[in-house]
Amino acid sequence: MTMKTVLITGAAGGIAAAIRPLLRDRYRLHLLDRVALDDLQPGETGFIADLSDQAAVLKACEGVDAIIHLACAHSLDISFEATLDANYRGTLHLLDACQRFGIERFVFASSHHVVGHHAAEGFRNDRAEIAPDGFYALSKVFGEGAVSLYAHRTGLRALIIRIGSAGPHAVDGRRVRLWVSIRDLLQLIQIGLDHPALRCDTVYGVSDCPEAFFPNRRALELGYTPQDRADEHRADNFVALADMPDSEGPGYVGGPYMPHPLKLA
Ligand SMILES: NC(=O)c1ccc[n+]([C@@H]2O[C@H](COP(=O)([O-])OP(=O)(O)OC[C@H]3O[C@@H](n4cnc5c(N)ncnc54)[C@H](O)[C@@H]3O)[C@@H](O)[C@H]2O)c1
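Residues numbered from 1 in each chain as written. Predicted model: local features only at pLDDT ≥ 70, side-chain atom pairs only at ≥ 80, totals over all residues. Heavy atoms only, no water.

What about the site of the ligand?
For clarity, the threshold we go by: Note on definitions. A residue lies near a molecule or strand when any single heavy atom of the residue is within 4 Å of it. Here a polar contact is taken to be a pair of N or O atoms separated by no more than 3.5 Å, where protein atoms must pair a possible hydrogen donor with a possible acceptor and residues adjacent in sequence count only if both atoms sit in side chains. Accessible areas in this description were obtained via Shrake-Rupley with a 1.4 Å probe; residue shielding takes into account the shown protein chains only. Secondary structure elements are defined from DSSP: runs of H or I of at least 4 residues count as helices, runs of E of at least 2 residues count as strands, and each element is numbered from the N terminus. Three classes are used, and their members are as follows: Ala, Val, Leu, Ile, Met, Phe, Trp, Tyr, Cys and Pro are nonpolar, Asp, Glu, Lys and Arg are charged, and the others, Gly among them, are polar.
Residues in contact with the ligand amount to 24 residues; listed here are only the nearest, Asp-33, Leu-70, His-74, Tyr-136 and Lys-140. The contact in question runs from an oxygen atom of the ligand to an N or O atom on the backbone of Gly-14, over 2.9 Å. In the environment of the ligand, an oxygen atom lies 2.8 Å from a nitrogen or oxygen atom belonging to the side chain of Lys-140. Calculation on the ligand without its partners gives an accessible area of 830 Å², and the protein chains cover 85% of this total. If you list the elements that add at least two residues to the shell around the ligand, you get α1 (14-23), β5 (105-111), α4 (135-154) and β7 (165-166). The residue makeup of the shell around the ligand, split by class, is 12 nonpolar, 8 polar and 4 charged.

As for the packing of aromatic side chains
Put simply, the rule reads: Note on ring pairs: Phe, Tyr and Trp rings are taken, using the six-membered ring of Trp, and paired if centres are within 6.5 Å. Classes follow the plane angle, with under 30 degrees stacked, over 60 edge-to-face and the rest tilted. The buried label applies to any residue whose accessible area, calculated with a 1.4 Å probe on protein chains only, is under 20% of its type's maximum; exposed applies above 50%, and partly exposed to all values in between.
Within this structure, the stated rule accounts for 8 aromatic pairs. On the numbers, 4.0 Å between centres and 10 degrees between planes, the contact of Tyr-204 with Phe-214 is stacked. On the criterion of sequence distance, the pair formed by Tyr-204 in strand β10 (residues 200-205) and Phe-214 in the loop between β10 and α6 (217-221) is long-range, its members being 10 residues apart. In terms of burial, Tyr-204 and Phe-214 fall into one category: buried. One aromatic cluster is present, formed by Phe-80, Tyr-88, Phe-135 and Phe-142 through successive ring pairs.

Here's the deal with the sheet that holds strand β1 (residues 5-9)
The criterion, for reference: Any two strands with at least two DSSP bridges between them are considered paired. Angular values range over 0 to 180 degrees, each being the angle between N-to-C directions of two axes fitted as lines to C-alpha atoms, with helices fitted over their stretch in contact.
If you trace the 7 strands from one edge of the open sheet to the other, you get β3-β2-β1-β4-β5-β6-β10, paired in parallel fashion. Every interior strand has two partners, whereas the edge strands, β3 (44-48) and β10, have only one. The average undirected angle you get between the axes of adjacent strands in this sheet is 20 degrees. Relative to β10, strand β6 (residues 157-163) runs parallel, the two being bridged by 6 bridges. Residue pairing in the sheet places Ile-161 in a bridge with Val-203 of β10.

These results come straight from atomic positions and should not be treated as a statement about function.
In structure tokens, the structure reads:
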């Protein structure tokens, strides 16, 4: 069987850097970012492109079987305008390429911030109503809707992963409730790339967390078996909930986004 080709967007970012070494044995990789990658390995092809450049996106998508869409403009106080190119136009350019080239699978890195405005205390809910906590989160709500549109219209198989907090350590009393290890996130991505029953599903990118915000039932139904426990990966300088400053937003599922004013531009 020939090796499939997978496009990773945001390939110079933190999550891509962590998953690339684990994916490159299984797939040929097209790696797209607006900044250059200077460490390309055999089987990897780099594409320096901005997602707002549709022609460049189409070039990177040629010959691709699946897309892992990680690229994103984000910051705590990002304006609506600053999210438009990468998070709105860029996502649509990729989905349009799926339709044109018959790309079969799409894994979308969404965020828990789509429900970030909910109060954290006692929160445990996979199906909470959408409650974005800023323009970053709003752009993820758009992305989820766009993925759903193309999945239902064109038959694209898609997995939306609402990622919690990815990295080596859980750093505080909020993030320990939604931390995800890289290998657990990779397991979810693999479900997105391979699972035969996938249509357009939404799961949470979380490991086994204490007082978990998200029970993650759909992920478990799809066979997800988290390998890592957030409790065992607390940072050395872990800040307990009671010691978190208000600026870190301990009272909200999404944490520190709430105090930042909403700016259109
Ligand atoms: N890291 C986390 O804990 C976390 C939590 C929730 C969601 N996510 C989501 O996962 C994805 C990856 O996260 P990350 O931590 O690796 O992010 P990151 O910021 O480290 O990487 C994002 C990458 O996207 C690239 N990029 C931005 N705009 C672009 C554009 N217009 N064209 C091309 N490339 C562009 C950047 O250059 C960067 O390399 C993001 O979509 C993020 O929203 C991450």
